[in-house]
Number of protein chains: 2
Amino acid sequence: MWFGIIMAGGSGTRFWPLSRELYPKQFLSLDGGSSLLQGTIDRVMPLIPQERLWIMVGPKHEAETRRVLRLAEREGLPAKVFVEPQSKNTLTPLAVAAACLARTDPEAVLAVMASDHLIAPQEKFLALLKQACSIAEKQDVILTFGVLPTRPETGFGYIELGEVVRDESAGLSPVFRVKNFVEKPDRERAESYISGKRHLWNSGMLAFRARVFLDELLQHQPEFHKTLRAYADAIGTKEENSLLKELYAKAPQTSVDYGLLEKSKNVWTISADLDWKDVGSWSALDDIAEKDESGNILRGNVVSLHNRNCILYGDKRILATIGLKDLVIVDTDDATLVCHKDEAQKVRDVVNELKNRNRVEAQEHRTTHRPWGHYTILDQGPNYKIKNVTVNPRARLSYQMHLHRSEHWVVIAGTARITLEDQEIFLHVNQSIDIPKTTRHRIENPGKVPLVIIEVQNGEYLEEDDIIRFSDDYQRQTEETRTGPAAGEKS
Amino acid sequence: MWFGIIMAGGSGTRFWPLSRELYPKQFLSLDGGSSLLQGTIDRVMPLIPQERLWIMVGPKHEAETRRVLRLAEREGLPAKVFVEPQSKNTLTPLAVAAACLARTDPEAVLAVMASDHLIAPQEKFLALLKQACSIAEKQDVILTFGVLPTRPETGFGYIELGEVVRDESAGLSPVFRVKNFVEKPDRERAESYISGKRHLWNSGMLAFRARVFLDELLQHQPEFHKTLRAYADAIGTKEENSLLKELYAKAPQTSVDYGLLEKSKNVWTISADLDWKDVGSWSALDDIAEKDESGNILRGNVVSLHNRNCILYGDKRILATIGLKDLVIVDTDDATLVCHKDEAQKVRDVVNELKNRNRVEAQEHRTTHRPWGHYTILDQGPNYKIKNVTVNPRARLSYQMHLHRSEHWVVIAGTARITLEDQEIFLHVNQSIDIPKTTRHRIENPGKVPLVIIEVQNGEYLEEDDIIRFSDDYQRQTEETRTGPAAGEKS
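On a predicted model such as this, the values are computed, not experimentally measured, just so you know.

### Comments concerning the state of the cysteines
Residue and element names in this part refer to chain A.
Then, in step 1: In this structure the tally under the stated criterion is zero disulfides over all chains.
Then, in step 2: Unpaired in terms of disulfides, Cys310 finds its nearest cysteine sulfur in Cys339, a separation of 11 Å.
Then, in step 3: With relative accessibility at 0%, the residue Cys310 sits in the buried group.

### Remarks on the packing of aromatic side chains
Residue and element names in this part refer to chain A.
Then, in step 1: One pass over the full model with this rule turns up 20 aromatic pairs over all chains.
Then, in step 2: Consider the rings of Phe208 and Phe213, whose centres lie 4.6 Å apart with planes at 25°: the pair is stacked. The burial state of Phe208 is the same as that of Phe213; both residues are buried.
Then, in step 3: Ring-pair connections join several aromatic residues into one group, and the members of that group are Phe15, Trp282 and Tyr313.
Then, in step 4: Above the face of the Phe125 ring, Arg43 is positioned so that its terminal group lies 6.0 Å from the ring centre.
Then, in step 5: A cation over an aromatic ring shows up here: Lys263 above the ring of Tyr258, its NZ or CZ 5.8 Å from the ring centre.

### Focus: the relation of the copies chain A and chain B
Then, in step 1: At an RMSD of 0.2 Å, chain A and chain B line up after a rotation of 179° and a shift of 0.1 Å along the axis. Such a combination of rotation and displacement between the chain copies is what one expects of a two-fold axis. No C-alpha of chain A approaches the rotation axis more nearly than that of Leu378 of chain A, which lies at 3.0 Å.
Then, in step 2: Of the residues that chain A buries at the interface, 100% are likewise interface residues in chain B, meaning the two copies contact each other through the same surface.

### Side note on the packing of helix H3 (residues 91-104) of chain B against helix H6 (residues 210-220) of chain B
Residue and element names in this part refer to chain B.
Then, in step 1: Remark: H3 packs on H6, axes separated minimally by 9 Å, with the N-to-C direction vectors making an angle of 125°. It follows that H3 is oblique to H6 by the angle criterion. For H3 against H6, the interelement crossing comes out left-handed. Contacts between H3 and H6 involve Leu91, Leu94, Ala95, Ala98, Ala99 and Ala102 on the former and, on the latter, Ala210, Phe213, Leu214 and Leu217.
Then, in step 2: Its residues assigned to classes, the contact of H3 with H6 shows 10 nonpolar, no polar and no charged.

### Observations regarding the UniProt feature "domain: MannoseP isomerase/GMP-like beta-helix" (unreviewed entry) in chain A
Then, in step 1: What UniProt calls "domain: MannoseP isomerase/GMP-like beta-helix" (unreviewed entry) maps, in this numbering, to residues 300-354 of chain A.
Then, in step 2: The distance separating the terminal C-alpha atoms of residues 300-354 of chain A is 25 Å; by composition the span is 15% helix and 42% strand.

### Examining the sheet that holds strand E16 (residues 327-331) of chain B
Then, in step 1: The strand order E13(A)-E15(A)-E17(B)-E16(B)-E14(B)-E12(B) describes an open sheet built from six strands, whose pairing is mixed. The sheet is open, and its two edges are formed by strand E13 (302-305) of chain A together with strand E12 (297-299) of chain B, each paired on a single side. Across the sheet, the axes of successive neighbouring strands diverge by a mean angle of 5°, strand direction being ignored.
Then, in step 2: The pairing of strand E14 (residues 311-313) of chain B with E16 of chain B spans three bridges and is parallel. When the sheet's bridge partners are listed, Ile311 of chain B is paired in E16 of chain B with Val328 of chain B.
Then, in step 3: Where helix H10 (residues 347-356) of chain B meets the sheet, it contacts E13 and strand E15 (318-322) of chain A together with strand E17 (335-340) of chain B, and its direction lies at approximately 140° from that of E13 of chain A.

### Focus: the interface of chain A and chain B
Often the size quoted for an interface is simply the accessible area lost on bringing the parts together.
Then, in step 1: Chain A puts 54 residues into the contact, and the matching count from chain B is 54 residues.
Then, in step 2: Each partner contributes to the roughly 4100 Å² buried at the junction of chain A and chain B, and carbon and sulfur atoms together form 61% of this total.
Then, in step 3: Summed over the shared surface of chain A and chain B, the result is two salt bridges.
Then, in step 4: Arg317 of chain B is the salt-bridge partner of Asp331 of chain A, the closest N and O atoms lying 3.2 Å from each other.
Then, in step 5: Counting the contacts that link chain A with chain B gives 31 residue pairs in polar contact (both at pLDDT 80 or more).
Then, in step 6: Per-element tally for the side of chain A that touches chain B: the top contributor is strand E17 (residues 335-340) of chain A, with six residues.
Then, in step 7: The residue inventory of the side of chain A that touches chain B, partitioned by class, reads 27 nonpolar, 13 polar and 14 charged.
Then, in step 8: Bridge count between E15 of chain A and E17 of chain B: five bridges; the pairing is parallel.

### Observations regarding the domain arrangement of chain A
Then, in step 1: With domains assigned, chain A is organised as domain 1 (2-277), domain 2 (282-355) and domain 3 (367-471).
Then, in step 2: If you average the C-alpha positions of domain 1 of chain A and of domain 3 of chain A, the two centres end up 41 Å apart.

### Overview of unusual backbone geometry
Then, in step 1: Here the residue pair Ala120 of chain A and Pro121 of chain A is connected by a cis peptide bond, since its omega of -10° sits within 30 degrees of zero.
Then, in step 2: By secondary structure assignment, the location of Pro121 of chain A is in the loop between strand E5 (118-120) and helix H4 (122-138).
Then, in step 3: Phi is positive for Asn89 of chain A, which is not a glycine, with a value near 55°.
Then, in step 4: Counting through the fold element by element, Asn89 of chain A comes out in the loop between strand E3 (80-83) and helix H3 (91-104).
Then, in step 5: Of note in the backbone geometry, Lys197 of chain B takes a positive phi value of approximately 60° without being a glycine.
Then, in step 6: Here Lys197 of chain B lies in the loop between helix H5 (187-196) and strand E9 (199-209).
Then, in step 7: Residue Lys197 of chain B is classed as exposed on the basis of its relative accessible area, which comes to 67%.

### A few points about helix H10 (residues 347-356) of chain A
Then, in step 1: Here H10 of chain A has its buried residues at Val347, Val350, Val351 and Leu354 of chain A. All buried residues of H10 of chain A lie within an arc of 100° about the axis, which places them on one face of the element.
Then, in step 2: On its buried side, H10 of chain A packs onto E17 of chain A together with strand E13 (302-305) and strand E15 (318-322) of chain B.

### Looking at the sheet that holds strand E20 (residues 384-391) of chain B
All names here are of chain B.
Then, in step 1: One open sheet accounts for six strands, arranged E18-E19-E20-E27-E22-E25; its pairing is antiparallel. Edge positions in the open sheet fall to strand E18 (367-370) and strand E25 (432-435), since each of these has one partner strand only. Taken over all neighbouring pairs, the strand axes of this sheet differ in orientation by 20° on average, direction set aside.
Then, in step 2: Relative to strand E27 (residues 451-459), E20 runs antiparallel, the two being bridged by eight bridges. Along E27, the bridge assignment pairs Lys385 with Gln457.

Calculation notes
- Residues numbered from 1 in each chain as written.
- Chains lettered and ligands numbered in written order.
- Predicted model: local features only at pLDDT ≥ 70, side-chain atom pairs only at ≥ 80, totals over all residues.
- Heavy atoms only, no water.
- Disulfide = S-S within 2.5 Å.
- Buried < 20%, exposed > 50% of the residue type's maximum accessible area, 1.4 Å probe, protein only.
- Phe/Tyr/Trp six-rings, centres within 6.5 Å; stacked < 30°, edge-to-face > 60°.
- Lys NZ or Arg CZ within 6 Å of the ring centre and 35° of its normal.
- Least-squares fit on C-alpha atoms with pLDDT ≥ 70 in both.
- Contact = heavy atoms within 4.5 Å.
- Axes fitted to C-alpha atoms, helices over the stretch in contact; angles between N-to-C directions.
- Helix = DSSP H or I, 4+ residues; strand = E, 2+ residues; numbered from the N terminus.
- Parallel < 35°, antiparallel > 145°, perpendicular 65-115°, else oblique.
- Left-handed = near helix turned anticlockwise from the far one by under 90°.
- Nonpolar A, V, L, I, M, F, W, Y, C, P; charged D, E, K, R; others polar.
- UniProt positions renumbered as here; feature names shortened; annotations may be inferred.
- Pairing = 2+ DSSP bridges.
- Buried area = accessible area lost by both parts, 1.4 Å probe.
- Salt bridge = Lys/Arg side-chain N within 4 Å of Asp/Glu carboxyl O.
- Polar contact = N/O pair within 3.5 Å; in protein donor to acceptor, adjacent residues only side chain to side chain.
- Domains from an automatic or database assignment.
- Arc of directions from axis to C-beta.

If you want it as structure tokens, here you go:
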């Protein structure tokens, strides 16, 4: 059985302000289409059905990942969202996925891919994936995907080819033993790799059987393997959650490349002739987006006069630009970035600076998504906060209460069913209701179109963690749910 | 009697997006202090009391001008705001001011100045103004202020000096006949003016007696003088307004320099050794604002990394900047400008482009000031609009009604007295009220602190001109008020 393991960690700093800590790169659409995560799922599904996809995410990204899956509205069983208790690079989540799958099928093939890469053409990718999984099925090796380099890129790691295992043949790609993994090279070396034709880009994609991976782990990370085994043995018991947490706490903060592949002798690589892009920063958008006749990439509400080679991302507000060259400008509701393309890597420094200043703009967008819909903070000040709250059709918030704020709702679209203590009230457009402090209440959209409510909060404390939930459709915030969002999520 | 005539026309394009058509340069603070208009009033008041200041404004700027005067909260009689029916350069408003003043005092001295210049030092300015008014009082001349040039500026007009009338003497500046007015010179010529020492910058400031000005006008603009006279004769009658409108409709679209001074033989200039700045564009801020060690001018919510010689104006949102050089960035609620300093003049093109696109961002800020306070549009969409409405203490909106929208108010600060048809209702923080369509209503702040209300509008038409006023404290929108704001102003 073949499984797809989609790695959706990511910290959300490189594409700030479009990405945020709670909304990293895989949730963005960089080419104007669907999100990178969505694109990854779509890409693999012809070969591996949805119910055999595992998406490995951190706790902060669970809700948004589930939203992406919901939005796709696919039939059949959903993909599995595996919530890692904390972020631990790539070795740990892969080991955990392998251990979980090995319990029922040690010979399960895991096809591992990043959630935030762009890959084309689709047919070639599927053929490669199929070939790789078939090899992994039969050989006791970990198979990497080495992409044929098209330029002396210094931002990627490389795979040095060893002896050939399989020659190229009709419709199949050549396969090699891996001689070496090479860190990001300097320019000169990168150029020699191109001319030498013995190096491929290390794409991070892998294929292997669960048992093979675990055997290698036993050999090269015996301590970690022990903890992993303790966890695997407890799956399905009440110890499962605590042992997973313990495993992550103890696990090495290391990549699968460094922690396993570089140590192993059983690593092969399939030579992938793909258009593969790991868009690593704003300036790298130049490689993927369409440009106007002056080399500018334009999106959104932009007035562009006399600019050259700029990346100009407007949003709702007017972004007016004159006489600029080689700049990246990204305008969002609550933050604007203006950056020289050569300095696009330093966006991280901005995010760190914002964290130092305790600014929420490092973490979140002004619009926050929830399982039931989303809300946008329109205005806030001393003792008040105004939100535009959108509830999806047939969704409802938790039955809840606040100790420190009263709420006042005006319906501006759709129809609301409000529960207020033991009363049920229907509210239509233009109707309103007061929710005093400490009264139990719930908003529900029983209808077929989105319900939009303007919420005016008054009180001495207006943070999201002033909430007591009495019941919830989304199993949040209860003792039982191991992977629920952090305390204080608006329900 | 000496009068100060403050010219406050201005179109608000050069400092977009901080300035707007309804909020031009004189309302801005460019040096971080009070507005330029306020600074102009403060500058002249030690010599000419407030009640003898006339501020000449277009109809669109009356409300904001009155607000500036109100904010200053000076004792005594207020300055006069003279609302021009339309914009007609500088000759017409000066002629009108002279004609008005001449009716009661033909020998009144008019000291004319722009509302949007920066002048220092204050003591020197006052000494010059005093000397100029004294000369104007005795001599049948129009006295211009020629500023000693400090650099070969090609952006100003120059005054060529004729024979000396008064030499420099203790505490007094030399005075010359004017030989010629010179248009903006090229670089070479400007340099020769500096070395030749026979040219001064034409500051636009003037001093003259009303009768002298009108006599010159009779001689050089006889047609215009005739219309002016007809208007002046009708002042105080019911014809006054219509004749003023007619005068402006017929008046030449010309400057006082071109239409009168260049033709007259009775023009002198006082040599002003002043630090005088007519800040004409964003890039000119370099001359006036404080810089950090890398030459950047920073204001507001800015993260600045590795920038040089930039002007970075943040507002409430985060403005993050990396690796920039010689740029102007101005971030406002609803529009951001990013512009190379060398192209700062082209901001006009942006404003024109926005007008072509029918974008309100060319005209207005998201926050609009009214005599009773101000409001900010927080959000708007199909059939709804959300505003944060602030009513000043002891102020009230008009008693009014809407045909197409209902309104819903929640008080978030202060106390409101609401009139709803014949009912009077007090609303406190956290209380709300529904105002159905076609009901007469009024908001009043009877208290001592600002009243803040969140207004949710629902309806099929939500423009400001859906309003029928029944009474108003500010005499707006009635048949009688000749200079009221355009139809559709929110009351």
